[in-house]
Amino acid sequence: MTLAIDEIDRKLLAELQRDGTLSVDQLSERAALSRNACWRRVKRLEEAGVITGRVALVDAEKLGLGLSVFILIRTSNHDPDWLQKFRAAVAGLPEIIGVYRMSGDLDYVLRARVADVKAYDRLYQRLIAKVALSDVSASFVMEEIKETTVVPMEVR
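Residues numbered from 1 in each chain as written. Predicted model: local features only at pLDDT ≥ 70, side-chain atom pairs only at ≥ 80, totals over all residues. Heavy atoms only, no water.

Under an unreviewed UniProt entry, the protein has the name Lrp/AsnC family transcriptional regulator and belongs to Mesorhizobium salmacidum.

(A) Structural view of the pattern of salt bridges. Following the criterion strictly, the structure yields 14 salt bridges and no others. A salt bridge links aspartate 135 to arginine 74; its shortest N-O distance comes to 2.8 Å. With aspartate 135 in strand 4 (residues 135-140) and arginine 74 in strand 1 (residues 67-74), this pair connects stretches of sequence that are 61 residues apart. Residue aspartate 135 is classed as partly exposed on the basis of its relative accessible area, which comes to 32%. In this structure, glutamate 147 engages arginine 111 in a salt bridge whose closest nitrogen and oxygen atoms are separated by 2.9 Å. Pair noted here: glutamate 147 is in the segment after strand 4 and arginine 111 is in strand 3 (residues 108-114), with a separation of 36 residues, a long-range link. One network of salt bridges, with partners in common, ties together Asp6, Asp9, Arg41 and Arg44. (Salt bridge = Lys/Arg side-chain N within 4 Å of Asp/Glu carboxyl O. Helix = DSSP H or I, 4+ residues; strand = E, 2+ residues; numbered from the N terminus. Buried < 20%, exposed > 50% of the residue type's maximum accessible area, 1.4 Å probe, protein only.)

(B) Here's a closer look at helix 4 (residues 80-91). Along its 12 residues, helix 4 runs 16 Å from first to last C-alpha, staying within 8% of the 16 Å computed at 1.5 Å per residue. Every buried residue of helix 4 is listed here: Trp82, Phe86, Ala89 and Val90. Down the axis of helix 4, the smallest arc covering the buried residues is 90°, so these residues share one side. Residues Pro80, Asp81, Gln84, Arg87, Ala88 and Ala91 are exposed on helix 4 and point more than 90 degrees away from its buried face. In this structure, the buried side of helix 4 is in contact with strand 1, strand 2 (96-101), strand 3 and helix 5 (117-130). Of the residues flanking the start of helix 4, the one acting as N-cap is aspartate 79, its side-chain oxygen 3.0 Å from the backbone nitrogen of aspartate 81. (Expected span 1.5 Å × (residues − 1). Arc of directions from axis to C-beta. Contact = heavy atoms within 4.5 Å. Polar contact = N/O pair within 3.5 Å; in protein donor to acceptor, adjacent residues only side chain to side chain.)

(C) Highlighting the sheet that holds strand 4. Taken together, 4 strands build an open sheet; the order of strands is 2-3-1-4 and the sheet is antiparallel. In this open sheet, the two strands that pair with only one neighbour each are strand 2 and strand 4. Sheet twist, expressed as the average angle between the axes of neighbouring strands with direction ignored, equals 20°. Bridging between strand 2 and strand 3 involves 5 bridges; their strand directions are antiparallel. (Pairing = 2+ DSSP bridges. Axes fitted to C-alpha atoms, helices over the stretch in contact; angles between N-to-C directions.)

Have a look at this one:
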């Protein structure tokens, strides 16, 4: 069952996505709600799994992880044992920050954050040691034009 999300919920979610550190008082003021009504709505959104967590966003470049890499994978093996091994392998590599099973020509696209090309090569070597892959290629991001964690809140 899908939770009904109204305009007020969308406002709360938009505000929290912009600043997850807002107090209930600040959030209720921005959404024009009483403190209690605001708290109840946020709690309901958390319990329904709409709000999955609150995090601090960090600047990867300032942490020495300035290279963003998309790793393109094709595999000839699609059995459950291989998939379990693949999931465990990518879960165990903290540099990999996104893993996507794809339709079309590619089987998987991985997104990684590393310091430089040498660090990528070390990641690549660790990945292929953990799981058999048919074809792996990488594309290095030259410029990040847009990156956001914000889910759009427009009403459709």
